[in-house]
Amino acid sequence: MRIAIGSLQCESNTLSPIPTVKADFDYAAGEGILKKVHVEDMLRAEGCEIVPLIYAHALPGGSVRREDYLDLVEDMVGRLPDSGVDGVWLYLHGAMHVEGIGSGEEYLLRRVREKVGFGIPVSVGMDFHANNSDGVIQLANVICGFRTAPHMDMVETERKAMRLLIRCVKDGLLPRPAVARAPVVIPGDAVQTALHPLREIMAEADEMEKEPDVLCAQVFNGQPWVDVPYMGPNMVVTCGRDREKARRLAERLAKRFYDARYDFKFEIEALEPEEALRAALAAPERPVFISDSGDNTTAGAAGDNAYMLKLMMDLRVRDALLAGIMDREATLKCYEAQIGDTVSFEVGGTLDPRSVRVPVTGKLVSRGDILGYTGGWAGKSAVVQMDGITLIVTENRTALTRREIFDSIGVDFMKYRLVVVKLGYLFPELAEAVPRSILAFTLGGSTERLEYMGHKNISRPMYPLDDHFMD
Ligand SMILES: [Zn+2]
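This structure is a prediction, so every number in the text was calculated from the model and none was measured.

Could you clarify how one ought to interpret the overall build of the protein chain in this entry?
When you go through the protein chain residue by residue, the secondary structure sums to 13 helices and 20 strands. Against the 2.2 N^0.38 benchmark of 23 Å for 471 residues, the protein chain shows a C-alpha radius of gyration of 23 Å, consistent with a compact globule. Split into buried and exposed, the 471 residues of the protein chain put 52% on the buried side. Counted over contacts in the protein chain with a minimum sequence separation of 6, partners at least 24 positions apart contribute 75%.

Right, dumping it as structure tokens:
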């Protein structure tokens, strides 16, 4: 058995004005991929010959620049033999948007099919936030995805896509997945798989997978910050042979999702920014984490908005940590000074013109490379002690999602009364470590406020913009 493997991922946010370019991708080719994905042992156990293509992953960001995307696709497809391959395994995101092209997944799959034809199975593993176009559904034979949000089962998903691919090759299956859509847009942070109502919907999908002939029954939430007609929850069911059954099961999941639309709630405390700060200051717990949810880098926003910093300065907040703001110039300026020096600079708004810019003066406490949130290092950073506020600035866009990342720059968040981060819901490890967290409804590229998302191209009718159209 000869299996080709490749991975191309970026979660796009079309509200972000910053294009994602080739340099933003962590790239490996050929044998180098085997360390990046988690399927080699499965292929070796089957005695497969592996045809490694490319691996290219970027942090969530604005639409991918067309030429850079095409280079990556041609690099991938160029390594794919036009005959003699028995199956293709692809680990994609599902919400990659490319300037002038649209769905990055659909275009890639189309190029792959042009090369290998429709006579061999192509199995795809994706993120829970995939916005699958109809083209994606028609071009792949197996589509599975993460079953957790926050995501914890990435490796399991890679392996599931591979397990199903091997099964298809061995059993001579060429399944055709079916999709059904729920015309509902729910902000990402109100959709968590461990909570009602999604918990029950996911459990139903799990039950479906136990039925004969069902290879995969997958709930995708979609990524709401992508302004395309196929944005939104999509249920994809893959049966080995019975396409009609796949369609019926997908429709059952979509109806359940639509019927549950009023039950999706922010399960964490969610407040306007000033209320969030006041609540944190009055709280008996410490530290209280506040998510600057409109500038959430893990949802593709710029991460350079100094709005929360300005608000904290205006409110004379003390004993607070702002972690952090992306500003290259400000960070590099801290590398020109000595530790202990007083530094002055402006911070914010270097990427997203909607961001606020704020003058800062404080003592340079430390500086050094900061760990990135997807592994590897994210470049330079500095810690500046202002009057009552400790500020972290970083050279590159990043997110402080785990304790390890704070540790990498010697910052102990437990020492503060309140900590502001550029996230939506806290990642599980942080959520466990802190006694209270509040989501602040700030504006920006990842705003949770649907009315500010400015969608022009999404399919209508769509709840909550429209309602009762399916009753
Ligand atoms: Zn996701």
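Honestly, helix α9 (residues 307-314) in this entry has me stumped. Any pointers?
Given 3.6 residues per helical turn, the α-helix brings residues three or four places apart onto the same face. For α9, the complete set of buried residues consists of Tyr-307, Met-308, Leu-309, Leu-311 and Met-312. Buried positions along α9 lie against α8 (273-282), β13 (288-292), β14 (320-326), β16 (358-371), β18 (389-394) and β19 (418-421). Phi for Arg-316, located one or two positions after α9, is positive at around 55 degrees.

Any chance you could explain the sheet that holds β14 here in plain terms?
Strand order in the open sheet formed by 9 strands is β12-β20-β13-β19-β14-β18-β17-β16-β15, and the pairing between neighbours is mixed. The sheet terminates laterally at β12 (269-271) and β15 (342-347), the two strands that pair on one side only. Recorded for the sheet is a direction-independent mean angle of 35 degrees between the axes of neighbouring strands. Two strands pair when backbone bridges link them, and β13 and β19 are joined in this way by 4 bridges, in the parallel orientation. Looking at β19, one finds that Ser-291 is bridged to Val-421. Against the sheet, α8 touches β12, β13, β19 and β20 (436-440), its axis set at about 165 degrees to β20. Running over the sheet, α9 touches β13, β14, β16, β18 and β19 and is turned about 150 degrees from β14.

What's the story with the packing of α8 against α9 in this structure? I'm lost.
Relative orientation of the contacting elements α8 and α9 amounts to 55 degrees, with a least axis distance of 11 Å. Considered as vectors, α8 and α9 are oriented oblique to each other. Between α8 and α9 the crossing geometry is right-handed. Where α8 approaches α9, its residues Pro-273, Glu-274 and Leu-277 are matched on the opposing element by Met-308, Leu-311 and Met-312. Here the residues of the contact of α8 with α9 are counted per class, giving 5 nonpolar, no polar and 1 charged.

Even after reading the chapter, I still don't get the sheet that holds strand β10 (residues 214-220), so can you show me in this structure?
Hydrogen bonds between backbone atoms are what pair the strands of a sheet, whose relative direction is either parallel or antiparallel. Pairing within the open sheet is antiparallel, and its 3 strands lie in the order β9-β11-β10. Whereas interior strands pair on both sides, the edge strands pair on one side only; in this sheet they are β9 (178-181) and β10. On average, each strand axis in the sheet is tilted by 15 degrees relative to the strand beside it, whichever way the strands run. Direction of pairing for β9 relative to strand β11 (residues 234-239): antiparallel, over a ladder of 4 bridges. Following the sheet pairing, Arg-181 is matched in β11 by Asn-234.

Could you clarify how one ought to interpret the environment of Asp-206 in this entry?
Mapped onto the elements of the fold, Asp-206 is located in helix α6 (residues 198-208). The class of Asp-206 is exposed, set by 11 C-beta atoms lying within 10 Å. Asp-206 sits 59 residues away from Arg-147 along the chain, and the two C-alpha atoms are 9.4 Å apart.

So, how was this worked out
Residues numbered from 1 in each chain as written. Predicted model: local features only at pLDDT ≥ 70, side-chain atom pairs only at ≥ 80, totals over all residues. Helix = DSSP H or I, 4+ residues; strand = E, 2+ residues; numbered from the N terminus. Rg over C-alpha atoms; globule rule 2.2 N^0.38 Å. Buried ≥ 20, exposed ≤ 12 C-beta atoms within 10 Å, placed from the backbone. Contact = placed C-beta atoms within 7 Å. Pairing = 2+ DSSP bridges. Axes fitted to C-alpha atoms, helices over the stretch in contact; angles between N-to-C directions. Parallel < 35°, antiparallel > 145°, perpendicular 65-115°, else oblique. Left-handed = near helix turned anticlockwise from the far one by under 90°. Nonpolar A, V, L, I, M, F, W, Y, C, P; charged D, E, K, R; others polar.

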